[in-house]
Amino acid sequence: MPLPGLSEAVEVRDSAVHGRGVFARDGLARHHVVGIYEGRRYTAAQARRRRWDHGLTYVFGLSDGTVIDGAQGGNGTRHLNHRCRPNCEAVEVRRADGGLDIVIRTTRRVAAGRELFIDYALDVDDPGAPEYRCRCGARGCRGTMAAMPATR
Ligand SMILES: [Zn+2]
């Protein structure tokens, strides 16, 4: 059954990488829209007051400081796993009302059955902390799911 806000060409199922993952059900073209990252929204001020000590990888920060917590009211896009060389990207899109949405789309063609990944590029104080360690196995894995200082 397709999840709301998620492309019908993808599906959520168990992943060998981590927990559940998002997979191409059909072959996907480059720039196929996988879904909109949905969830409970916090303004920048609300996000600063909150301790994000749970479900870290479901939390998405936008450039205006808004934070979306996909663990609350999110859709299948929250199951996207991290890879240092991903096949999807998160793109900010401005809505007509001025707010920002996060659109997840493929960056290249993806064969049916393949898992979809984004680069979490987490904005954290300590990229070397063990909880952010990456074992994605990609060539060029940078060893952390955090953004590197040069790219922040
Ligand atoms: Zn990696």
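Look a little higher up for the structure.
What counts and how
- Note that residues are indexed from 1 along each chain, following the sequence as it is written.
- The predicted origin of the model limits local features to residues at a pLDDT of at least 70 and limits the giving and counting of side-chain atom pairs to 80 or more, whereas totals for whole chains, interfaces and linings rest on all residues.
- Derived side-chain values reflect all non-hydrogen atoms in the structure, with water molecules and hydrogen atoms excluded from consideration.
- Helix and strand labels come from DSSP, where a helix needs a run of H or I of at least four residues and a strand needs a run of E of at least two; each type is numbered from the N terminus.
- Values of the radius of gyration come from C-alpha atoms, whereas the globule rule sets the reference at 2.2 Å times the count of residues to the power 0.38.
- Remark: exposure states derive from per-residue accessible area (1.4 Å probe, protein chains only) relative to the maximum for the residue type, with buried under 20%, exposed over 50%, and partly exposed in between.
- When checking whether two residues touch, look at their non-hydrogen atoms; a contact exists if any pair is within 4.5 Å.
- Every accessible area reported is derived by Shrake-Rupley at a probe size of 1.4 Å, with residue values counting cover from the shown protein chains alone.
- Lys and Arg are tallied as positive, Asp and Glu as negative. Neither His nor the chain termini are counted.
- For charged residues, the charge sits on one atom: NZ in Lys, CZ in Arg, CG in Asp, CD in Glu.
- For two strands to be treated as a pair, DSSP must find at least two bridges joining them.
- Here an axis means a line fitted to C-alpha atoms, over the contact stretch when the element is a helix, while the angle between two N-to-C directions is reported on a 0 to 180 degree scale.
- Classification of ring pairs rests on two measures: the distance between centres of Phe, Tyr or Trp rings, Trp counted by its six-membered ring, which must be within 6.5 Å, and the angle between planes, read as stacked under 30 degrees, edge-to-face over 60 and tilted in between.
- Whether a charge sits over a ring comes down to the Lys NZ or Arg CZ being within 6 Å of the ring centre and within 35 degrees of the ring normal.
- For Na, K and Ca the donor cutoff is 3.2 Å, while for all other metals N, O and S atoms must lie within 2.8 Å; water is not among the atoms, so some sites may look incomplete.
- A site with four donors is called tetrahedral when every donor-metal-donor angle falls between 85 and 135 degrees; four donors are called square planar, and six octahedral, when opposite donors sit more than 155 degrees apart and all other angles fall between 65 and 115; any other arrangement is irregular.

Chemist: Residue-level account of the overall build of the chain, with values.
Modeler: Looking only at helices and strands, the chain features 1 helix and 10 strands. Taken from the N to the C terminus, the helices and strands of the chain come in the order β-β-β-β-α-β-β-β-β-β-β. Computed over C-alpha atoms, the radius of gyration of the chain comes to 15 Å, within 12% of the 15 Å expected from 2.2 N^0.38 for 152 residues, which places it in the range of a compact globule. Across its three principal directions, the C-alpha atoms of the chain cover 40 × 40 × 25 Å. Counting all 152 residues of the chain, 39% fall into the buried class. In the chain, the share of contacts with a sequence separation of at least 24, taken over all contacts with a separation of at least 6, comes to 60%. Only carbon and sulfur atoms are counted for the fraction: they give 47% of the accessible area of the chain, which is about 8,800 Å². Across the chain, the 24 positively charged side chains and the 18 negatively charged ones have centroids separated by 4 Å.

Chemist: So, the sheet that holds strand β3 (residues 33-36): which residues are in play, and what are the values?
Modeler: Reading across from one edge, β3-β9-β8 is the order of the 3 strands in this open sheet, with antiparallel pairing throughout. Two strands close off the open sheet at either side, each with one partner strand: β3 and β8 (88-94). Direction aside, neighbouring strands of the sheet carry axes that sit 30° apart on average. Pairing analysis gives 3 bridges linking β3 to strand β9 (residues 100-106), with the strands arranged antiparallel. Its bridge partner being in β9, valine 33 is matched across the sheet by arginine 105.

Chemist: Describe in detail the pairing of strand β1 (residues 10-14), supporting the description with residues and values.
Modeler: Across 5 bridges, β1 lies against strand β2 (residues 20-24) in antiparallel orientation. Paired with aspartate 14 across the two strands is arginine 20, which belongs to β2. Adjacent in sequence and paired antiparallel, β1 and β2 are bridged by 5 residues, among which glycine 19 carries a positive phi angle near 50°.

Chemist: Before we move on, can you summarise the sheet that holds strand β7 (residues 81-82) with the specific residues and values?
Modeler: Spatial ordering of the open sheet is given by β1-β2-β10-β7, a layout of 4 strands whose pairing is mixed. Unpaired on one side and paired on the other, β1 and β7 mark the two borders of the sheet.

Chemist: An account of the packing of aromatic side chains is requested, with residue identities and associated values reported.
Modeler: The final tally for this structure, using the stated rule, is 1 aromatic pair. Between tyrosine 37 and phenylalanine 60, the aromatic rings sit 5.0 Å apart at their centres with planes inclined by 55°, giving tilted as the arrangement. On the criterion of sequence distance, the pair formed by tyrosine 37 in the loop between β3 and β4 (40-42) and phenylalanine 60 in strand β5 (residues 59-61) is long-range, its members being 23 residues apart. When sorted by exposure, tyrosine 37 lands in the same class as phenylalanine 60, which is buried. Between the NZ or CZ atom of arginine 13 and the centre of the ring of phenylalanine 23, over which it lies, the distance is 3.9 Å. The ring of tyrosine 58 is capped by arginine 78, whose NZ or CZ atom sits 5.9 Å from the centre of that ring.

Chemist: Explain the coordination of the zinc ion to me, and be specific about the residues and the numbers.
Modeler: Those donors, Cys84 (SG), Cys134 (SG), Cys136 (SG) and Cys141 (SG), are the protein atoms that reach the zinc ion, and they lie 2.2 to 2.4 Å from it. Geometry at the zinc ion is tetrahedral, judged from the 4 donor atoms that bind it and their angles of 102 to 113° at the metal. Read in sequence order, the donor residues for the zinc ion give the motif C-x49-C-x1-C-x4-C. By relative accessible area, cysteine 134 is classed as buried at 9%. Residue cysteine 141 is classed as partly exposed on the basis of its relative accessible area of 29%.

Worth remembering: the numbers are spatial, not functional.
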